[in-house]
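As a plain string of letters, each chain reads:
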Amino acid sequence: MLLNSASPAFPQGLANGSGMVGKHLMFNYTAVARGLFEHELNEYKSVQVSRILHDFYDSDPKRGFYGGGGLDARIGPQPTIWAQRNASEGPGWGAALKERLREFPRSMQVACHGTSLPLESNNVTLDPELKDAWGIPAIRTTYRDHPDDLATARFLQDRGAEILDSAGALRVTKAPVTESTFAVHLLGTCRMGDDPATSVVDRHHRSHDIPNLFICDGSSLVTSGRGQPTMTIQALAFRAGEHIAAFARKNRI
């Protein structure tokens, strides 16, 4: 929306005087280890609860790469997603598929949330050719994981597999760690900072260029946080709301 809102007053798009809008995109890489157990775990029942291990959160130079993260052993995929994923990984019909679906209640997964380094080359831009039905340029995403991000993902995944094995899993599998082609958590692209030349919003989430424009989502994050970003985003949004109210009371918006 910001990039597509260019005008004579804002030739690079709204809030983009720094040219930083859309840059430093982060996907918050997640690797997965899965375990099959003898007895039913019924991970899909009741409310979702996080059980997170932060033993490997900090970076350690001895590993040979930068990064760390958390192991999140909360509830895994729901039955429909499990069926779709297993069908894509093996037989999509017949007795073999039914047998794999019967494993669902006895299975759990460890989601390994790692580092995604903020690279300027990872970005969102306007496509020079593709347009939507209204003639508005479509977004174009350019992304390649830093090698350290992938190394971190493999390291954390191995730790997750070790935990499942130690817990008595009959079978432990690891989903392939490959370069990202999609993401659920989108971070960066409107980074926060004190310097208007190198950031989009200030510490209050107020645009440097437009005083009454506040951007309150994951785009302001300058690092991926090595884990689920939702609560951080919520906390920052509440904080921004308090500042907006305070600015409004002082007629500064």
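Cut-offs and rules
- Residues numbered from 1 in each chain as written.
- Predicted model: local features only at pLDDT ≥ 70, side-chain atom pairs only at ≥ 80, totals over all residues.
- Heavy atoms only, no water.
- Pairing = 2+ DSSP bridges.
- Helix = DSSP H or I, 4+ residues; strand = E, 2+ residues; numbered from the N terminus.
- Contact = heavy atoms within 4.5 Å.
- Axes fitted to C-alpha atoms, helices over the stretch in contact; angles between N-to-C directions.
- Buried < 20%, exposed > 50% of the residue type's maximum accessible area, 1.4 Å probe, protein only.
- pLDDT = per-residue confidence, 0-100.
- Phe/Tyr/Trp six-rings, centres within 6.5 Å; stacked < 30°, edge-to-face > 60°.
- Lys NZ or Arg CZ within 6 Å of the ring centre and 35° of its normal.
- Salt bridge = Lys/Arg side-chain N within 4 Å of Asp/Glu carboxyl O.

Visitor: Report on the sheet that holds strand β7 (residues 171–174), specifying residues and quantitative values.
Guide: The strand order β2-β3-β4-β1-β7 describes an open sheet built from five strands, whose pairing is antiparallel. The outermost strands of the open sheet, each flanked by one partner alone, are β2 (52–53) and β7. Pairing of strand β1 (residues 30–36) with β7 involves four bridges; the strand directions are antiparallel. By the bridge assignment, Arg34 is partnered in β7 with Thr173. Where helix α3 (residues 147–166) meets the sheet, its contacts fall on β1, β2, β3 (70–72), β4 (107–113) and β7, and the angle it forms with β1 comes to roughly 20°.

Visitor: Can you break down the pairing of strand β6 (residues 137–142) residue by residue, with the values?
Guide: Taken together, the five bridges between strand β5 (residues 123–131) and β6 define a ladder with antiparallel strand orientation. In the sheet register, Asn123 faces β6, and the bridge partner there is Thr142. Counted between consecutive antiparallel strands, the loop separating β5 from β6 contains five residues, among which Gly135 sits at a positive phi close to 80°.

Visitor: Describe the environment of Lys98, naming the residues involved and giving the relevant values.
Guide: Relative to the helices and strands, Lys98 is located in helix α2 (residues 94–101). Residues Lys98 and Ile233 lie 135 residues apart in sequence; the distance between their C-alpha atoms is 40 Å.

Visitor: Before we move on, could you go through the environment of Thr173 and cite the residues and values that matter?
Guide: Among the structural elements, Thr173 can be located in strand β7. Residue Thr173 is classed as partly exposed on the basis of its relative accessible area, which comes to 34%. Separated by 12 residues in the primary sequence, Thr173 and Ala161 have C-alpha atoms spaced 7.4 Å apart. For Thr173, the contacting residues outside a window of four places in its chain are Val32, Ala33 and Arg34.

Visitor: Give me the confidence of the model for the chain: which residues, what numbers.
Guide: Overall, the prediction assigns the chain a mean pLDDT of 91, with 97% of residues at 70 or greater. Per-element confidence in the chain ranges from a low mean pLDDT of 70 for helix α1 (residues 79–89) to a high of 97 for α3.

Visitor: Give me the packing of aromatic side chains: which residues, what numbers.
Guide: Scanning the model with the defined rule gives four aromatic pairs in all. Considering the side-chain rings of Phe56 and Phe155, the 5.7 Å spacing of their centres and the 85° angle between planes classify their relative orientation as edge-to-face. Linking Phe56 in the loop between β2 and β3 with Phe155 in helix α3, this pair joins segments that are 99 residues apart in sequence. Residue classification places Phe155 among the buried residues on the basis of a relative accessible area of 18%. An aromatic cluster is present here, built from Phe56, Phe65 and Phe155 joined pairwise through their rings. Between Arg206 and the ring centre of Phe247, over which it is positioned, the NZ or CZ distance is 4.2 Å.

Visitor: How would you explain the pattern of salt bridges if you had to name every residue and give the values?
Guide: Enumeration according to the criterion identifies seven salt bridges in this entry. Of the charged contacts in the structure, one is a salt bridge between Glu179 and Arg144, with a shortest N-O distance of 3.7 Å. With Glu179 in the loop between β7 and α4 (230–249) and Arg144 in the loop between β6 and α3, this residue pair connects regions lying 35 residues apart in the sequence. By relative accessible area, which is 55% here, Arg144 ends up exposed. Residues Arg159 and Glu162 are paired through a salt bridge, measuring 2.8 Å at the closest nitrogen-oxygen approach. Placement of the pair is Arg159 and Glu162 together in helix α3, with a separation of three residues, close to one helical turn.

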